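Below, each chain spelled out in residue letters.
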Amino acid sequence: MKKLFTLLMILLLLCGCGTSKKEETPVEETPVEETVDLSSLTIVTPKGAPVLAFYDQISNENYSRVTADAISALWSGDASPDVLVVDLTSGIKAIGNGAEYKLAAIITFGNFYLSSTGNDEDETMDADDKIVLFGNENMLPSKIWHYLYGADYDESLIYEADAQTAAAALASGKASDGTDVDYVFLAQPALFAAMKKNENAKLFADIQEVYKNKSGLDMIQAAVFLKNTVDEATGNAFLQNLSNSISAAIADPSLAEEGLGVYTGDEATAQYGFNPTVVVNVFKQKNALGNNAMGLGYAKAIDIKSDIDAFLSIFGIDETAEEIYFR
């Protein structure tokens, strides 16, 4: 019995030692990333579709929305922000001219559509049909149009000064000079509002789909540029937050609706450059590629460099150097 008792004591001691050793074995901790303060970053976007990507920043006093023609003055000087959003081609040209920024991300991937006014009886786009583009021959709509459709329709093209005037042509079926028009090339959300005013208007082509079928790539529009003074940790934290907020809104558009609700009515239109109710309705719709009809998305620029270079080639812009990208 004494031997049995001694054996049991030894076993208990061994078990106790084993348990103690397991509990005391140090566990390798995953380093906790230091919190990066983003509150002081200054952000400027043009009014219009890019504002949708910053729906959760509307109350941020460091976030400003300006007219598109005001962006060109912000690439240098004391007023230049830490984060600047502009169309890709303008940003690339600005860097080429010495702007101290890097291309960081793409946040819109096309919101162009071609609609018929209802005037074309055979509903087939022919060389003699009148087609409205907005802007001028050197601007994005014209460049995209000619990349996709060539010069076959040049004699029938009518250029309106801006998207609002082109939208009026879709709504009425007449250009600003009174000419009957058959088709209008337009961007969302102006397209949505114009089609509501013309019961005969129909969506004729999703330009994002036509572009992808021709190029094999996604269309690219608004880009995010970070000032060279923004350090790597801060820049990456900002971009991660932006990516997360965009993904969240795509999954649940009510988040964007809530964020844009900071302003309402005419004040909202003045602040954003669009009616938020219209934009949210468009945002909930899908385009021919299965993406939201506003074209909102997120991609780190360096990860889609080939898409960017292919898009820029339409404008005769050379392949980008890796040095201009934020990593």
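Structure: above.
Cut-offs used in this document
- Sequence positions are assigned chain by chain, starting from 1 and proceeding in written order.
- Local features in this predicted model are restricted to residues whose pLDDT is 70 or higher, and side-chain atom pairs enter the listing and the counts only when it is 80 or higher, whereas totals over whole chains, interfaces and linings include all residues.
- The side-chain figures draw on all heavy atoms in the structure; neither hydrogens nor water molecules are used.
- Only buried residues count toward a nonpolar core. Its members are Ala, Val, Leu, Ile, Met, Phe, Trp, Tyr and Cys residues joined through side-chain atoms within 4.5 Å.
- Only protein chains enter the area calculation, which uses a 1.4 Å probe; residues under 20% of their type maximum are buried, those over 50% are exposed, and those in between are partly exposed.
- When checking whether two residues touch, look at their non-hydrogen atoms; a contact exists if any pair is within 4.5 Å.
- The numbering of helices and of strands both runs from the N terminus, where a helix is a DSSP run of H or I of at least 4 residues and a strand a run of E of at least 2.
- Two N or O atoms form a polar contact when they lie within 3.5 Å of each other; inside protein one atom must be a possible hydrogen donor and the other a possible acceptor, and for residues adjacent in sequence the pair counts only when both atoms belong to side chains.
- Between any two strands, at least two bridges found by DSSP are needed for them to pair.
- Under this scheme, a helix contributes an axis fitted over its contacting stretch, all axes are lines through C-alpha atoms, and angles between N-to-C directions fall in the 0 to 180 degree range.
- What counts as a salt bridge is simple: a side-chain nitrogen of Lys or Arg found within 4 Å of a carboxyl oxygen of Asp or Glu.
- The scheme is simple: roughly parallel for angles under 35 degrees, roughly antiparallel for over 145, roughly perpendicular for 65 to 115, oblique for anything else.
- Should the near helix be turned counterclockwise from the far one by less than a right angle, the crossing is left-handed, whereas a clockwise turn marks it as right-handed.
- Side-chain classes follow a simple rule in which Ala, Val, Leu, Ile, Met, Phe, Trp, Tyr, Cys and Pro form the nonpolar group, Asp, Glu, Lys and Arg form the charged group, and the remainder, Gly included, forms the polar group.

**Focus on the nonpolar core**
Link 1 in the chain: Counting residues in hydrophobic clusters, the biggest one holds 106 residues, and the most contacted among them are Leu88, Leu103, Trp145, Leu186, Phe238 and Ile308.
Link 2 in the chain: Residue contacts for Trp145: discarding those within four places in its chain leaves Leu114, Met125, Ile131, Leu133, Gly150, Tyr153, Leu157 and Phe185.

**Some thoughts on the side chain of Thr320**
Link 1 in the chain: By the element assignment, Thr320 lies in the segment after α11 (305-313).
Link 2 in the chain: What makes Thr320 buried here is its relative accessible area of 6%.
Link 3 in the chain: Polar side-chain contacts of Thr320 include one of 2.6 Å to the side chain of Tyr325.
Link 4 in the chain: Not counting residues up to four positions away in its chain, the partners in contact with Thr320 are Ile92, Lys305, Asp309, Leu312 and Tyr325.

**Some points on the sheet that holds strand β10 (residues 222-227)**
Link 1 in the chain: Sheet architecture is open: six strands sit in the order β2-β1-β3-β10-β4-β11, paired in mixed fashion. Each end of this open sheet is capped by a strand with a single partner; those strands are β2 (63-66) and β11 (296-300). Neighbouring strand axes in the sheet, compared pairwise and without regard to direction, differ in orientation by 25 degrees on average.
Link 2 in the chain: Relative to β11, strand β4 (residues 101-108) runs antiparallel, the two being bridged by three bridges. Residue pairing in the sheet places Ile106 in a bridge with Ala299 of β11.

**Concerning the environment of Ile106**
Link 1 in the chain: Turning to its location among the elements, Ile106 is positioned in strand β4.
Link 2 in the chain: On the basis of relative accessible area, Ile106 is assigned to the buried category, the value being 0%.
Link 3 in the chain: Spatially, the C-alpha atoms of Ile106 and Ile308 are 9.2 Å apart, while their sequence positions differ by 202 residues.
Link 4 in the chain: If we ignore the near neighbours within four places in the chain, the residues touching Ile106 are Leu88, Ile220, Ala222, Ala223, Gly297, Tyr298, Ala299, Ile304 and Ile308.

**Some thoughts on the pattern of salt bridges**
When the charged atoms of two side chains lie near each other, side chains of opposite charge can form a pair.
Link 1 in the chain: Within the structure shown, the criterion is met by six salt bridges.
Link 2 in the chain: A salt bridge links Glu322 to Arg327; its shortest N-O distance comes to 2.7 Å.
Link 3 in the chain: For Glu322, a relative accessible area of 45% translates into the label partly exposed.
Link 4 in the chain: With relative accessibility at 45%, the residue Arg327 sits in the partly exposed group.
Link 5 in the chain: One salt-bridge network, held together by shared partners, links Lys305, Asp309 and Glu319.

**Describing the packing of helix α3 (residues 140-149) against helix α6 (residues 207-215)**
Link 1 in the chain: One can describe the packing of α3 onto α6 by two numbers: an axis separation of 10 Å at closest approach and a directional angle of 50 degrees. In terms of orientation, α3 lies oblique with respect to α6. Where α3 crosses over α6, the handedness of that crossing is left-handed. Taken together, the residues of α6 that come into contact with α3 (itself represented by Ile144, Tyr147, Leu148 and Tyr149) are Ile207, Val210, Tyr211, Lys214 and Ser215.
Link 2 in the chain: When its residues are assigned to classes, the contact of α3 with α6 shows seven nonpolar, one polar and one charged.

**What to know about the environment of Gly259**
Link 1 in the chain: With respect to the helices and strands, Gly259 occurs in helix α8 (residues 254-260).
Link 2 in the chain: Setting aside residues no more than four positions away along its own chain, Gly259 makes contact with Tyr55, Ile58 and Tyr272.

**As for the sheet that holds strand β8 (residues 183-187)**
Link 1 in the chain: Strand order across the open sheet formed by five strands is β7-β6-β8-β5-β9, with mixed pairing between neighbours. The open sheet terminates on both sides in strands that have one partner only, identified here as β7 (157-160) and β9 (202-206). Each strand axis lies, on average, 30 degrees off the axis of its neighbour in the sheet, ignoring direction.
Link 2 in the chain: Where strand β5 (residues 112-116) meets β9, four bridges bridge the pair, whose relative direction is antiparallel. Of the residues in β9, the one forming a bridge with Ser115 is Leu203.
Link 3 in the chain: Where helix α4 (residues 163-172) meets the sheet, it contacts β5, β6 (131-134), β7 and β8, and its direction lies at approximately 140 degrees from that of β8.

All we've got here are geometric facts, nothing functional implied.
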